[in-house]
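Working through the structure, step by step
In case you want the letters, here they are:
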Amino acid sequence: MDAADIPALPRGVRLHFDKVRDTWVLLAPERAVTLDGIGHAILNAVDGHRRFEEIVDHLADSFGAPRDQVSTDSAGFLDALRDRRFLDITS
């Protein structure tokens, strides 16, 4: 994932709080991914307008975490979602 990439949830994909399981999930047509706190925080910062580097800066500042580690972890997570077509990337 490049710093200038803009991640966005495609049409039909959304974050949803599952009350039965008491956890956040990423829903897509006939598919769902259970999210941990970190995954939810990353996707909560994805708005379709922020560049990847802005998301990383926001997360690093919010959680007091090293920017390099946040960048590596977030890129891996978002790349995996893109590979599974849960995420679109524009540049």
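Above: the structure in question.
Residues numbered from 1 in each chain as written. Predicted model: local features only at pLDDT ≥ 70, side-chain atom pairs only at ≥ 80, totals over all residues. Heavy atoms only, no water.

1. Some points on the overall build of the protein chain
Spelled out, the test is: For helices the rule is a DSSP run of H or I covering at least 4 residues; for strands it is a run of E covering at least 2, with both sets numbered from the N terminus onward. The reference for a compact globule is 2.2 Å times residues^0.38; the radius of gyration itself is calculated from the C-alpha atoms. Each residue's exposure class comes from its accessible area (1.4 Å probe, protein chains only) as a fraction of the maximum for that residue type: buried when under 20%, exposed when over 50%, partly exposed otherwise. Here a residue-residue contact requires only that any non-hydrogen atoms of the pair lie within 4.5 Å.
When its secondary structure is counted, the protein chain shows three helices and five strands. In terms of overall dimensions, the protein chain is globule-like: its C-alpha atoms have a radius of gyration of 13 Å, near the 12 Å expected for 91 residues. Reported as C-alpha extents along the three principal axes, the dimensions of the protein chain are approximately 35 × 25 × 20 Å. When burial is assessed residue by residue, the protein chain has 35% of its 91 residues classed as buried. Counted over contacts in the protein chain with a minimum sequence separation of 6, partners at least 24 positions apart contribute 55%.

2. A short note on the sheet that holds strand β3 (residues 23–28)
Selection rule: Only strands that DSSP links by at least two bridges are regarded as paired with each other. Axis lines are fitted to C-alpha atoms, over the contacting stretch for helices. Their N-to-C directions set the angle, which ranges from 0 to 180 degrees.
Read from one edge to the other, the open sheet built from three strands follows the order β2-β3-β4, with strand pairing classed as antiparallel. A strand with exactly one partner marks an edge of an open sheet, and here the two such strands are β2 (14–18) and β4 (31–34). Here the strands of the sheet are splayed against their neighbours by 35° on average, with no regard to which way each runs. Pairing of β2 with β3 involves five bridges; the strand directions are antiparallel. In the strand pairing of β3, Asp 18 is matched with Thr 23.

3. Observations concerning the environment of Phe 63
As for its placement among the helices and strands, Phe 63 is situated in helix α2 (residues 52–63). A relative accessible area of 56% places Phe 63 in the exposed class. Each C-alpha atom, one on Phe 63 and one on Leu 15, is 21 Å from the other, the two residues being 48 residues apart in sequence.

4. As for helix α1 (residues 37–45)
Spelled out, the test is: Polar contact is defined as a pair of N or O atoms within 3.5 Å, subject to the rule that within protein one atom must be able to donate a hydrogen and the other to accept it, and that residues adjacent in sequence are counted only when both atoms are side-chain atoms.
Looking only at α1, the buried set comprises Gly 39, His 40, Ala 41, Ile 42, Leu 43 and Ala 45. Buried positions along α1 lie against β2, β3, α2 and α3 (67–83). At the N-terminal boundary of α1, the capping side chain belongs to Asp 36, with an oxygen 3.2 Å from the backbone nitrogen of Ile 38.

5. Quick look at the environment of Pro 66
Residue placement: Pro 66 occurs in the loop between α2 and α3. Pro 66 sits 62 residues away from Ala 4 along the chain, and the two C-alpha atoms are 20 Å apart.

6. Overview of α2
The following threshold applies: Each helix should span, by expectation, one fewer than its residue count multiplied by 1.5 Å. The arc under discussion is defined with respect to the helix axis, by the directions toward the C-beta atoms.
Look at α2: 17 Å from first C-alpha to last across twelve residues, which is about the 16 Å you get at 1.5 Å a residue. Those residues of α2 lying buried are Phe 52, Ile 55, Val 56, Leu 59 and Ala 60. Down the axis of α2, the buried set is contained in an arc of 130°. They therefore lie on one face. Just past α2, the residue Gly 64 takes up positive phi, approximately 60°.

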